[in-house]
Structure formats: structure tokens, C-alpha cells
Amino acid sequence: MQQPSSNRIGFVSLGCPKALVDSERILTQLRAEGYEIVPNYENANLVVVNTCGFIESAVNESLDAIGEAIAENGKVIVTGCLGAKKEVILDKHPNVLSVTGPQAYEEVVRAVHEHLPPSHDPFVSLVPPQGIKLTPRHYAYLKISEGCNHACTFCIIPSMRGKLKSRTIDEVMREAEKLKQAGVKELLVISQDTSAYGLDLKYEEKLWQNEIFKTQFFDLCRAMSKLGIWVRMHYVYPYKHVDDVIPLMTEGALLPYLDIPFQHASARILKLMKRPASSENNLERIKAWRKICPDLTIRSTFIVGFPGETEAEFAELLQFLRDAQLDRVGCFKYSPVEGAKANELPNPVPEEIKDERYRRFMEIQAEISSKRLQQKIGKTMQVLVDEIRESEEGDVAAIARSSADAPEIDGLVFIENPPASIKPGQFAMVKIIDADEYDLYAEVFEN
């Protein structure tokens, strides 16, 4: 009878998809060294917490997670973005075993070795070629670069993750191929600034599938389009060269989906934020993109209550929402983060005004989203099934996503009374029969 492993690691992964990819890389290495990954504190010999430190609420969530891991297990290693502020963690939790910053894969593994030495067993440590993934088998995040060259005044990511460091295009595409071969049906391309991909490498040329590709955004999209699976682009800044990618979406080579963090509409506020491409006429760009690709879905995020934001500038943002008619939108109330330059700006917006502006913003966007989704009723579309869910009453529904829906941040497509043949990870053709503010309701389409 095989004895239980004494090298069991618990893992808590917080923050954005980029941090999730970091977690996957650490777990892949640990698993390859014979460590067993367990889903709870009580069965773990040690716990790793991968933290987020982007905004104040994320810092508090990370500190709470560390505290919970210490209380439940006692042996805790901390890594990730908040790890760049070691003193913040040690001040609150002096008993953690080790603290490392983001992308410090080797340091994390070394810390695990120190406090829980490996006992390598090649028969239990086999790792699939694509590595260990924390997402469902049918979709995966693919990180194309680390860091960021911008100096946005509300953000401290460059101080945590450093300057832009791109992976060469052949390396990225080899990983993409491995993921496809492992059964991945959808790739979500992520970075801090996907549009700037390859700038640090001077768009170095590489060979992939007997063809030369430049390490740059357009060639990356062109190469990805050859995979024959869903490819979704995230964190795309609205530089002029993004225009060149829209025809690929029209041809069906890429999902007609762009995640563009506009953040605001007021030129003065964007200048205070030091946002890249802040001088672009984004309304005209959106209009031009939709003329080329009518099915294009645009998701974005915005900040309300930025220091100095006036009522007139907030009204300008609301008018932008009405004019742009964006499909998917997230909104954040400005939150001061230690080390962010925006904290030094005059005229901070009171919390009660932030709350009121957030409410007004979300009410308008909910109306826009509802109207746009109502226009899809009666249409047929391809969806990717994520799970089959059964209610307490015994009703069964398939939970799926359309090309307009990224996992966890966008809406869902609920397929009522799905046939038994529909399984998670499969595509299905459905007809939309209803919609609410954020989700669609469908039935399987039969010719």
C-alpha cells in the first residue's frame, strides 16, 4: 500500500490572469520535483500564497489570505506582487517563512526546498507537456510578456514587475501549439500591454512553421490565427497599429473581441493618469473598427473618482459611454495605492462622491449592455460550454460563453434543457431566446 506523501503543498493564487500564469509555472516546477498539490490547508505540509498588490482592496485581500493560511496551517511562503513590499507583509505577518516578489519562480522553489525538501519520485512526478493549469482543460491563459514601460500615475505594476520583457514569437507559438495539442479550445492572450509586444526586442524575426514572423502584435495575431482555435486578445492599448488586426477578426481568424483599458474619456484626466495613446480619438476608432467588423465586441475598464475629477469631467465620461456603446465594461472607484504618483495629486474626490459616481456609471452601462444583448435575441451563434449545472429542483442547464464573453469577467450563455451529448469543453450551436442586463439564454439550435 502506497504511503501518503509527506511533501504536500497547498496553494492560494490571488489577482489577475497574469498572476495565475505565474502560479501555474510554480506549480508545474514543484509537481515535476515530486511535490503533491493538495486543495486544502489541513492536508498540506506547507502553503504558498501568490499575492496581488494592485489596489488597496487587493492588498487587504492578500494580507487576509496570508493570515488565514498561517492560522490554518502555520507554514506559509509568500510570493507575487505584494511580495515586492516585503515590509508590509512582515509587519502584519512576521511568522511567514519567506517573501519573494513577482516572477521569482526560482526563489519560491528554493524557499520550498529549504522548508520542505523534495523527495523525488519519477513515477508520481510526471507533468503534462503543457504544464499544470489552474483553468479548466478547454481554455488557458497565454502570457506573452512581463512588465510594462508606462508610468501610469495610479499604477505600481512597473515597480513590481519591471520594464517590458517580451517572449520571442517562436517561443510563444510553441507554447500555444502545446496547449492546443493538450485539448485547449480557447487561448486568452495576456500581458501588461499586449499592443507593445516585441518593442523591447526591436520586433526580432523568428521562424515558426517554416515562415518568418516578427515579434510584434500584428504578426502574433497572424500566427495565432493559424491555430484553428478561439484566440482572445486582452490588455490591448489603442495604438494606431491595432487597426491592422481588425480585418483578421472579420475573416474569422481571431475572435472579434478586444479588451482595451480606456480608463477615462476626459483628456485632462487621461493626461493626469499618464495613459498611453491618451490623445487618440477613441470614438472615431471604435466607429471605424465596427464598420470593418460589425460583430466586434469591445470590453473596457474605467476609473471614477480619480484625484481632481470634476463633475463636468465625469459627465464627459458618461457621454463617452453613451456614444461608444461598449459591450462589456468594468468600473473601479479610484483607490490610493502606496507608491502610486496619483496619491500626490491635489483635490482628492470624497468617498461618498466616488460611490455616487460609480452607481451612476454602472446604471448607464447596465442599460447599454441590456440593449445590446436584446439585439441578439433570435440569432444563432457558436458557444463554448464551460460546465453542466443541475439545480436543487433537478433542472439542468449548460453554462457556456460566446465569442463576446471572456471567462469570469464577462457574461454567460445559459442553455436550457441541453441534450446529454453536450459536455464541458465542447462547442455548440445555439439560438438566443432571451437576455437580461449581462447574460443570454439559449436553446440548442437544430436545423
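As shown above, the structure is provided for reference.
Residues numbered from 1 in each chain as written. Predicted model: local features only at pLDDT ≥ 70, side-chain atom pairs only at ≥ 80, totals over all residues. Heavy atoms only, no water.

Draft legend 1. Broad picture of the nonpolar core. One finds L187, M224, L258 and F361 to be the most contacted residues of the largest nonpolar core, which totals 52 residues. Residue contacts for L187: discarding those within four places in its chain leaves A140, L142, A176, L179, M224, L227, I229, W230, V231 and R232. (Core = buried A, V, L, I, M, F, W, Y, C linked by side-chain atoms within 4.5 Å. Buried < 20%, exposed > 50% of the residue type's maximum accessible area, 1.4 Å probe, protein only. Contact = heavy atoms within 4.5 Å.)

Draft legend 2. Inspection of the packing of aromatic side chains at higher detail. Throughout the structure, instances matching the rule amount to 10 aromatic pairs. When the ring of F262 is compared with that of F320, the centres are 5.8 Å apart and the planes differ by 70 degrees; the resulting orientation is edge-to-face. Taken together, the residues span a long stretch of sequence, with F262 in the loop between strand 13 (257-259) and helix 9 (267-273) and F320 in helix 11 (residues 311-324) at a distance of 58 residues. As far as the burial class goes, F262 and F320 line up, both buried. In textbook terms, an aromatic cluster arises when at least three aromatic residues are bridged by ring pairs, as seen for F262, F302, F320 and F361. The ring centre of Y257 lies 4.5 Å from the NZ or CZ of R232, which sits over that ring. The positively charged end of R401 is found above the aromatic ring belonging to Y139, 5.1 Å away from the centroid. (Phe/Tyr/Trp six-rings, centres within 6.5 Å; stacked < 30°, edge-to-face > 60°. Helix = DSSP H or I, 4+ residues; strand = E, 2+ residues; numbered from the N terminus. Lys NZ or Arg CZ within 6 Å of the ring centre and 35° of its normal.)

Draft legend 3. Main features of the sheet that holds strand 19 (residues 427-435). If you walk around this closed barrel you meet the 5 strands as 16-17-18-20-19, and the pairing is mixed. Shown here is a sheet whose adjacent strand axes are inclined to one another by a mean of 50 degrees, direction ignored. By the bridge criterion, 6 bridges tie strand 16 (residues 380-390) to strand 17 (residues 396-401) in an arrangement that is antiparallel. For V385, the partnering residue across the bridge sits in strand 17 and is A400. (Pairing = 2+ DSSP bridges. Axes fitted to C-alpha atoms, helices over the stretch in contact; angles between N-to-C directions.)

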